[in-house]
2 protein chains.
Amino acid sequence: MTSDELRSVTSDRFQDSDLILACRGRQHPRVPVWFMRQAGRSLPEYRSVRGSGSILDAIADPDRAAEITLQPVRRYGVDAAILFSDIVVPAHAVGFGVDVVPGTGPVVEQPFSGRSDLSRLRPLDPESDTPYVIETVKRLVETLDVPLIGFAGAPFTVASYLVEGGPSRHQARTKALMLTDEALWHDLMQRLADLAIASLLSQVAAGASAVQLFDSWAGALSPEAYRRAVAPHSARVLEALGGAGVPRIHFGVGTGEILRQMADCGPEVVGVDFRVPIDAARRRVGAHQALQGNLDPAVVLAGEAAACDATRDVLARNDGHPGFIFNLGHGVLPDTDPEVLARVVQVVHDEGRVRRVSD
Amino acid sequence: MTSDELRSVTSDRFQDSDLILACRGRQHPRVPVWFMRQAGRSLPEYRSVRGSGSILDAIADPDRAAEITLQPVRRYGVDAAILFSDIVVPAHAVGFGVDVVPGTGPVVEQPFSGRSDLSRLRPLDPESDTPYVIETVKRLVETLDVPLIGFAGAPFTVASYLVEGGPSRHQARTKALMLTDEALWHDLMQRLADLAIASLLSQVAAGASAVQLFDSWAGALSPEAYRRAVAPHSARVLEALGGAGVPRIHFGVGTGEILRQMADCGPEVVGVDFRVPIDAARRRVGAHQALQGNLDPAVVLAGEAAACDATRDVLARNDGHPGFIFNLGHGVLPDTDPEVLARVVQVVHDEGRVRRVSD
């Protein structure tokens, strides 16, 4: 299904939710809030249903994946659910040979190293390769009374795991590949963009109301490297979703220098980590795209007073701009006290101000 | 010895070296170049003299420490030596209880967690606590025909190791301390600033021609947190060295958002990592302080062609500004091929252009 065909099936149900209106910079009563990794190890109810073993097993089980996705919505009253997933799900599903090791992250037995490895990244057929993702989304959409955000890893961040073989501090092999074999690099990125597109379209077809493209490690690149090697592929993913009628969020960490470029990839919403104050991000991105962020997840560990102060600072810096979604600057840390996050939600809902817009 | 008394003993020998002239933005014939961690695991001659065990043992042995410091100067013909050291040397020397574990980094048995731990950070008496540092510097200055750069960790980065107990991705405990007990935080930072000051003054008294303050993890902070909790202490360290007659370099990673603040701490030179192009850094810092950087160390692993291209890009972005020292954006990676770094030095020396200045 193309994204234009999708538009007809896209649910209108959440078009007037705070989240979707904020994504589009339109009038809404209350600043919406959700948290990256709101579902996860910080929640006791997660730990009790998660089971052991690879997270990919839990993701492949719609019962567990749907329950895990719902838990933080119930607990916090956040304004969106984020599909419980992982950025390597599509690559795993097409048989690239990648697993997620608890405490470590994605690990690849045979890292991507040459042209012959491209064949390990065949196109994704969501119906047969990831039916569990579709099933989980469908169940969630039946249950949820807030929008569900679909989930995909951006080509660069996924590539960095496949090339390095696992988490890496410097992404040296990945950078070497993009610099020494540009043709192969772009072929790899194209395959990974195709995976992200197919997966996101299937999530939207199943009822997701928005999508987020996670390019967590994009901040490891110089602006010039991002421009040449990464931005065109992320832009293609976002563009392919453009006709689907759902807002697109484009997120990365440490992206202060490339925020304008990430915005130019065409999303409705640009994710901002805590290093760039929202008012500074607004000056870089402009008034016509929404921002999402950017409480420092480490500050949440400093307790309620510190977290609430920092929450108010983020809200003040947004200064009532209607194109704003409150979130953390990166994912919830495992040691987070859920009570503190609950207070953050309360502060955002009680004190977040949305300026009057004429539309 | 105060820094003003020091000025009288500061060697004039290297005042007209390319490095010192570039630090001061004065006319010099050729762009100077050195590399952070130019001495280290990437060099076979290092591996053959380093020995096993803690790096602190090698640092405490003037024979080895001097030899290790000299190796890259001999091999590459770089324009400066950097004292072989570690940011925890002073804290270790006053008995805080910190070691450096090969492959891991600084590890603290009993992390800093409360006011009573302040007593574990008594003032440093360089003559009796770190005589080996003084001895190493003296030997080096007798031998070297390029300036020696003294070495100290900035209070925040050292604090993060002492509080976290070791390397940390999120510095959550450190941020919690600065947010929840501001008085204790500032007392800790003051002690660590005192350690850095005492150590740097002793290095200058022994003959170091410049100093670099390493605040590697400052980029983990929001600009507001940096302003309140860190900048005053780093500024105090730099100020205390101000009368010593040697240029001061202030370095951190991921510091795009705080570059102006780091410059405002008062150094002659601001270190720039590879995420901020030199021309962008110049706009932020202004024309009156020198910049140092900023080739991506990971790009050096992509081989000679990629490294030389990227080197030329850095030089082009500096556009001949006399206040410029070529370096990497962070330390040399262990897997680096020394032959490639040698070529980088050659390209900088052959092609680096210094504009005519009227002074």
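Please read all numbers here as calculations on a predicted model, not as lab measurements.

Engineer: Describe in detail the overall build of chain A, supporting the description with residues and values.
Structural biologist: Per the secondary structure count, chain A includes 17 helices and 9 strands. Relative to the compact-globule value of 21 Å for 359 residues, chain A shows a C-alpha radius of gyration of 19 Å, a close match. Summarising its shape, the C-alpha atoms of chain A cover approximately 55 × 45 × 45 Å along the three principal directions. Out of the 359 residues belonging to chain A, those deemed buried represent 64%. Accessible surface for chain A amounts to roughly 13,200 Å². Of this, 47% is attributable to carbon and sulfur atoms.

Engineer: Lay out the pattern of salt bridges in plain terms, naming residues and giving numbers.
Structural biologist: In total, this model carries 46 salt bridges over all chains according to the counting rule given. Here Arg 64 of chain B makes a salt bridge to Asp 61 of chain B, at a shortest N to O gap of 3.0 Å. Taking the relative accessible area as the measure of exposure, Asp 61 of chain B reaches 24% and is therefore partly exposed. Measuring nitrogen to oxygen at the nearest pair gives 2.9 Å for the salt bridge that ties Arg 236 of chain B to Asp 194 of chain B. With Arg 236 of chain B in helix H12 (residues 223-240) and Asp 194 of chain B in helix H11 (residues 182-205), this residue pair connects regions lying 42 residues apart in the sequence. The partly exposed category is assigned to Asp 194 of chain B, whose relative accessible area is 35%. Here the salt bridges do not stand alone but share partners, grouping Asp 63, Glu 135 and Arg 139 of chain A into one network.

Engineer: Hey, could you go over the environment of Val 300 of chain B for me, with residue numbers and the actual values?
Structural biologist: All names here are of chain B. Within the secondary structure, Val 300 sits in helix H15 (residues 297-300). For Val 300, a relative accessible area of 2% corresponds to the buried category. Counting along the chain gives 262 residues from Val 300 to Gln 38, while the straight-line C-alpha distance between them is 13 Å. Not counting residues up to four positions away in its chain, the partners in contact with Val 300 are Leu 295, Ala 307, Leu 328, Thr 336, Val 340 and Leu 341.

Engineer: Report on the packing of aromatic side chains, specifying residues and quantitative values.
Structural biologist: Residue and element names in this part refer to chain B. This structure, assessed with the given rule, holds 12 aromatic pairs over all chains. An angle of 70° between the planes, with centres 6.1 Å apart, marks the rings of Phe 214 and Phe 251 as edge-to-face. Placement of Phe 214 in strand S5 (residues 210-214) and of Phe 251 in strand S6 (residues 248-251) is noted, with a sequence separation of 37 residues between them. With respect to class, Phe 214 is no different from Phe 251; both count as buried.

Engineer: Summarise the sheet that holds strand S4 (residues 148-153) of chain A; cite the residues concerned and give the values.
Structural biologist: Residue and element names in this part refer to chain A. Ordered in space as S1-S4-S5-S6-S7-S8-S9, the 7 strands form an open sheet in which the pairing is parallel. Of all strands in the sheet, those bounded by a partner on one side alone are strand S1 (81-82) and strand S9 (324-328). Bridging between strand S5 (residues 210-214) and strand S6 (residues 248-251) involves 4 bridges; their strand directions are parallel. Residue Leu 213 lies in a different strand from S6, and its bridge partner there is His 250. Each of S4 and S5 is contacted by helix H11 (residues 182-205), which is oriented at about 170° to S4, the strand it contacts most.

Engineer: Describe the side chain of Ser 199 of chain B, listing the residues and the values that go with them.
Structural biologist: All names here are of chain B. Its location among the elements puts Ser 199 in helix H11. Here Ser 199 falls in the buried class, since its relative accessible area comes to 6%. A polar atom in the side chain of Ser 199 sits 3.0 Å from the side chain of Gln 203. Setting aside anything within four residues of it in sequence, one finds Ser 199 in contact with Pro 90, Leu 124 and Phe 151.

Engineer: Account for the sheet that holds S5 of chain B, with residues named and values stated.
Structural biologist: Residues and elements named next belong to chain B. What the 7 strands build is an open sheet, ordered S1-S4-S5-S6-S7-S8-S9; its pairing is parallel. Edge strands, defined here as strands with exactly one partner in the open sheet, are strand S1 (81-82) and strand S9 (324-328). In this structure, strand S8 (residues 290-295) lies alongside S9, joined through 5 bridges in parallel fashion. By the bridge assignment, Asn 294 is partnered in S9 with Asn 327. Relative to strand S4 (residues 148-153), H11 is tilted by about 170°, and along the sheet it contacts S4 and S5.

Engineer: A description of the packing of helix H9 (residues 155-164) of chain B against helix H10 (residues 172-180) of chain B should follow, citing residues and the corresponding values.
Structural biologist: All names here are of chain B. With their axes 8 Å apart at the nearest point, H9 and H10 run at an angle of 105° to one another. Here H10 runs roughly perpendicular to H9, going by the angle between their axes. On H10, the residues that touch Phe 156, Ser 160, Val 163 and Glu 164 of H9 are Ala 172, Arg 173, Thr 174, Leu 177 and Met 178. For the contact of H9 with H10, the residue count by class is 5 nonpolar, 2 polar and 2 charged.

Engineer: How would you summarise empty space enclosed by the protein if you had to cite specific residues and measurements?
Structural biologist: Under the criterion given, the structure shown has 4 cavities of 30 Å³ or more. Volume-wise, the largest cavity comes out at about 70 Å³. Lining the largest cavity are Ile 87, Pro 90, Ala 91, Ala 152, Gly 153, Ala 154, Pro 155, Val 158, Leu 192, Leu 195 and Ala 196 of chain A. The residue makeup of the lining of the largest cavity, split by class, is 10 nonpolar, 1 polar and no charged. Of the volumes computed, that of the second largest cavity is approximately 60 Å³. At the level of secondary structure, the elements contributing two or more residues to the lining of the second largest cavity comprise helix H6 (89-93), S4 and H11 of chain B. Broken down by element, the residue count for the lining of the second largest cavity peaks at 3 residues, all from H11 of chain B. Its residues assigned to classes, the lining of the second largest cavity comprises 9 nonpolar, 1 polar and no charged.

Engineer: Residue-level account of the layout of surface pockets, with values.
Structural biologist: Reported here for the second largest pocket is a volume of approximately 590 Å³. Together, 28 residues line the second largest pocket, and Ser 222, Glu 224, Ala 225 and Arg 228 of chain A together with Ala 310 of chain B are the ones closest to its centre. Every element with two or more residues in the lining of the second largest pocket is listed here: helix H10 (172-180), H11 and helix H12 (223-240) of chain A together with S8 and helix H16 (304-318) of chain B. If you tally residues by element for the lining of the second largest pocket, the top one is H16 of chain B, at 7 residues. Here the lining of the second largest pocket is built from residues that sort into 17 nonpolar, 3 polar and 8 charged.

Engineer: I'd like a rundown of the confidence of the model for chain A, residues and numbers included.
Structural biologist: Looking at chain A as a whole, the pLDDT averages 95, with 96% of positions reaching at least 70. Predicted as a complex, the structure gets a pTM of 0.95 and an ipTM equal to 0.92.

Engineer: Pulling in residues and values, what's your account of the interface of chain B and chain A?
Structural biologist: Across the boundary between the two partners, chain B contributes 30 residues, which contact 30 residues of chain A. Where Glu 257 of chain A meets Arg 284 of chain B, a salt bridge forms, and the shortest distance between an N and an O atom there is 2.8 Å. Applying the counting criterion to the chain B and chain A interface returns 6 residue pairs in polar contact (both at pLDDT 80 or more). When contributions to the side of chain B that touches chain A are tallied by element, the ones reaching two or more residues are H10, H12, H15 and H16 of chain B. When residues in the side of chain B that touches chain A are grouped by element, the largest group, 5 residues, is from H10 of chain B.

Parameters at a glance
- Residues numbered from 1 in each chain as written.
- Chains lettered and ligands numbered in written order.
- Predicted model: local features only at pLDDT ≥ 70, side-chain atom pairs only at ≥ 80, totals over all residues.
- Heavy atoms only, no water.
- Helix = DSSP H or I, 4+ residues; strand = E, 2+ residues; numbered from the N terminus.
- Rg over C-alpha atoms; globule rule 2.2 N^0.38 Å.
- Buried < 20%, exposed > 50% of the residue type's maximum accessible area, 1.4 Å probe, protein only.
- Areas by Shrake-Rupley, 256 points an atom, 1.4 Å probe, with all protein chains shown as cover.
- Salt bridge = Lys/Arg side-chain N within 4 Å of Asp/Glu carboxyl O.
- Contact = heavy atoms within 4.5 Å.
- Phe/Tyr/Trp six-rings, centres within 6.5 Å; stacked < 30°, edge-to-face > 60°.
- Pairing = 2+ DSSP bridges.
- Axes fitted to C-alpha atoms, helices over the stretch in contact; angles between N-to-C directions.
- Polar contact = N/O pair within 3.5 Å; in protein donor to acceptor, adjacent residues only side chain to side chain.
- Parallel < 35°, antiparallel > 145°, perpendicular 65-115°, else oblique.
- Nonpolar A, V, L, I, M, F, W, Y, C, P; charged D, E, K, R; others polar.
- 1 Å grid on protein atoms, 1.4 Å probe; cavity = no way out; pocket = protein on both sides within 12 Å on 5 of 7 lines; lining within 4 Å.
- Points joined across faces, edges and corners; volume = space filled by probe spheres on them.
- pLDDT = per-residue confidence, 0-100.

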